[in-house]
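So the chains spell out like this:
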Amino acid sequence: MNRYLFTPGPVPIPNEGAAALKSHREPGFSVQFEKIQGSLRKLMRTDQPVLLLPCSGTGSLEALCLNLIGPGEKVISVSCGEFGLRFRDIARSAGAEIIPVDIPAGQGVRSNHVLSALERYPDAVALLLTHNETSTGVMNPLEEIMGSVNERGPLVLVDGVSSLGAMPCFPQDWNFDGLASCSQKGLLTPPGIGVVWLSERAWRSLEKGDRKRGSYYFDLLRHREYLEKDNPQNPFTPPVSLLATLEGSLDLILEQGTTEWFRKKRRLAETFMAGMISMGLEPFVKESAARSPGVSSLLLPSSAGKVKDELLKMGIVVSGGQGEMKGKILRFAHYSDWGWPETCLLMGSIFAALDRSGLKPGPEYISQAWETWKKGEK
Ligand SMILES: *Cc1c(COP(=O)(O)O)cnc(C)c1O
């Protein structure tokens, strides 16, 4: 039986790539590396270097913290879920004194949350934000938040692990200072490549030696130095076989155009949610503007586990809740290059799983979803 991954990473890969093994010191590697650089810059609308590190998303977050946060420094950590808490823990383990700002699960961060913390703690050196909180299915309005943050304030470091590639995420246009992401979510590649971007201001602070260089493997200045050689490369052996897939997936996104690609993600998420509401399910994120185009979450307080198991029997792999939401919600990802047919496959299976769990889903879901899908046509 085929298995379908609807989990928010790893995601199904539209192009398997040629798992062609190269030496990471041969000229062909540099050509590929440079092409991937160009594609990532286009996706992120930046002229700054984009570092590729051999790690998962957590490694990229740690790279930001170890390079830009020193022991005893004050860091404002705004969290609306499990990944916000993880970013906070990483900063704490880099020695930071944490100023926590916690938003209830299922709600998004707002400018006023950030502004009041910035006013109270003018000596903070960094502000940590999550772009897309995968554990709850919330996308935070980063562009709006950044619009009200003073450029001379603390360095703004963003977890973009589950946003980059799937939704607009423009670190330079929006003025943040550090972005951490990785390959296995919006970038449609197996796990193993971390992505890190820094602003000019953050690079300058590293160059001046203001910051302690807290990591050897993740020393970002060293990574940039290798990237800027005539034959760009990594200081250490990168996951060579994955780069071919990353190259192909970026081609796929850029060929369709980022605007169109992002629009497709949102259309999928809205279509799916219309079907779910019609079945009688409750979105976990109440405010529709805060719902992520990458991950949809549904509240199923007493039957999430049962429904997930029923789906698994059908070859449909989905994610449950994490932390305090464990056993209470189910999460469904829309990262892959999917459309109406795959969404029907998922919705039909959910209908059957709910029915088998005694939940009596509403039967009109397909026509409701189809109405929404049609509305999303250009
Ligand atoms: C998946 C995820 C992470 C962790 O990434 P790993 O690749 O599992 O280390 C961090 N933050 C967010 C928002 C995520 O979605």
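In this text, all values refer to a predicted model and were calculated from it rather than measured experimentally.

For the protein, the count of helices and strands is 12 helices and 15 strands. Over its C-alpha trace the protein gives a radius of gyration of 21 Å, about what one expects of a compact globule, namely 21 Å for 378 residues. Over its C-alpha atoms, taken along the principal directions, the protein stretches across nearly 65 × 50 × 35 Å. Counting the 378 residues in the protein, one finds 58% classified as buried. Of the contacts formed within the protein by residues at least 6 apart in sequence, a portion of 73% connects residues at least 24 apart. A total of about 15300 Å² of accessible surface is found on the protein, and carbon and sulfur atoms cover 50% of it. With 42 positive and 42 negative side-chain charges, the protein shows a spacing of 3 Å between the two charge centroids.

The next subject is the packing of helix α8 (residues 240-256) against helix α9 (residues 258-279). It is at 5 Å that the axes of α8 and α9 come closest, and there the two elements cross at 95°. In terms of orientation, α8 lies roughly perpendicular with respect to α9. Here L252, I253, L254 and Q256 of α8 come into contact with α9, specifically with T258, E260, W261 and K264. Residues belonging to the contact of α8 with α9 are distributed by class as follows: four nonpolar, two polar and two charged.

As a further point, take the site of the ligand. Around the ligand, the surrounding shell holds 13 residues, and the nearest of these are S56, T58, T134, D159 and K185. Contact between the ligand and T134: an oxygen atom at 2.4 Å from a side-chain N or O atom of the residue. Within the contact set of the ligand, an oxygen atom lies 2.7 Å away from a side-chain nitrogen or oxygen of Q184. In the complex, 89% of the free accessible area of the ligand, which totals 380 Å², lies under the protein chains. Among the elements of the structure, α2 (57-68) and α3 (82-93) are those that each provide at least two residues to the shell around the ligand. Split by residue class, the shell around the ligand holds three nonpolar, seven polar and three charged.

In this structure, strand β3 (residues 74-79) lies alongside strand β4 (residues 97-102), joined through six bridges in parallel fashion. Paired with V75 across the bridge in β4 is I98. Viewed along the sheet, the connection from β3 through α3 into β4 turns out right-handed.

A few words on the domain arrangement of the protein. Note on interface size: it is often stated as the accessible area lost on association of the parts. On domain assignment, one finds that the protein holds domain 1 (27-253) and domain 2 (257-375). A separation of 28 Å is found between the C-alpha centroids of domain 1 and domain 2. On the side of domain 2, 26 residues touch domain 1, which itself brings 24 residues to the contact. Summed over both sides, the interface of domain 1 with domain 2 buries roughly 2000 Å², with 61% coming from carbon and sulfur. When the area that domain 1 buries against domain 2 is broken down by residue, the three leading residues are M139, A166 and I253, summing to 22%. Here domain 1 is connected to domain 2 by one salt bridge. For E287, the salt bridge identified is with R110, shortest N-O distance 2.9 Å. Our count for the domain 1 to domain 2 interface comes out at nine residue pairs in polar contact (both at pLDDT 80 or more). Among the secondary structure elements, those contributing two or more residues to the side of domain 1 that touches domain 2 are α3, β7 (138-139) and α8. A per-class count over the side of domain 1 that touches domain 2 returns 12 nonpolar, nine polar and three charged.

Rules used throughout
- Residues numbered from 1 in each chain as written.
- Predicted model: local features only at pLDDT ≥ 70, side-chain atom pairs only at ≥ 80, totals over all residues.
- Heavy atoms only, no water.
- Helix = DSSP H or I, 4+ residues; strand = E, 2+ residues; numbered from the N terminus.
- Rg over C-alpha atoms; globule rule 2.2 N^0.38 Å.
- Buried < 20%, exposed > 50% of the residue type's maximum accessible area, 1.4 Å probe, protein only.
- Contact = heavy atoms within 4.5 Å.
- Areas by Shrake-Rupley, 256 points an atom, 1.4 Å probe, with all protein chains shown as cover.
- Lys, Arg positive; Asp, Glu negative; His and termini not counted.
- Charge placed at Lys NZ, Arg CZ, Asp CG, Glu CD.
- Axes fitted to C-alpha atoms, helices over the stretch in contact; angles between N-to-C directions.
- Parallel < 35°, antiparallel > 145°, perpendicular 65-115°, else oblique.
- Nonpolar A, V, L, I, M, F, W, Y, C, P; charged D, E, K, R; others polar.
- Near = heavy atom within 4 Å.
- Polar contact = N/O pair within 3.5 Å; in protein donor to acceptor, adjacent residues only side chain to side chain.
- Pairing = 2+ DSSP bridges.
- Right-handed = clockwise from strand over helix to strand, strands pointing away.
- Domains from an automatic or database assignment.
- Buried area = accessible area lost by both parts, 1.4 Å probe.
- Salt bridge = Lys/Arg side-chain N within 4 Å of Asp/Glu carboxyl O.

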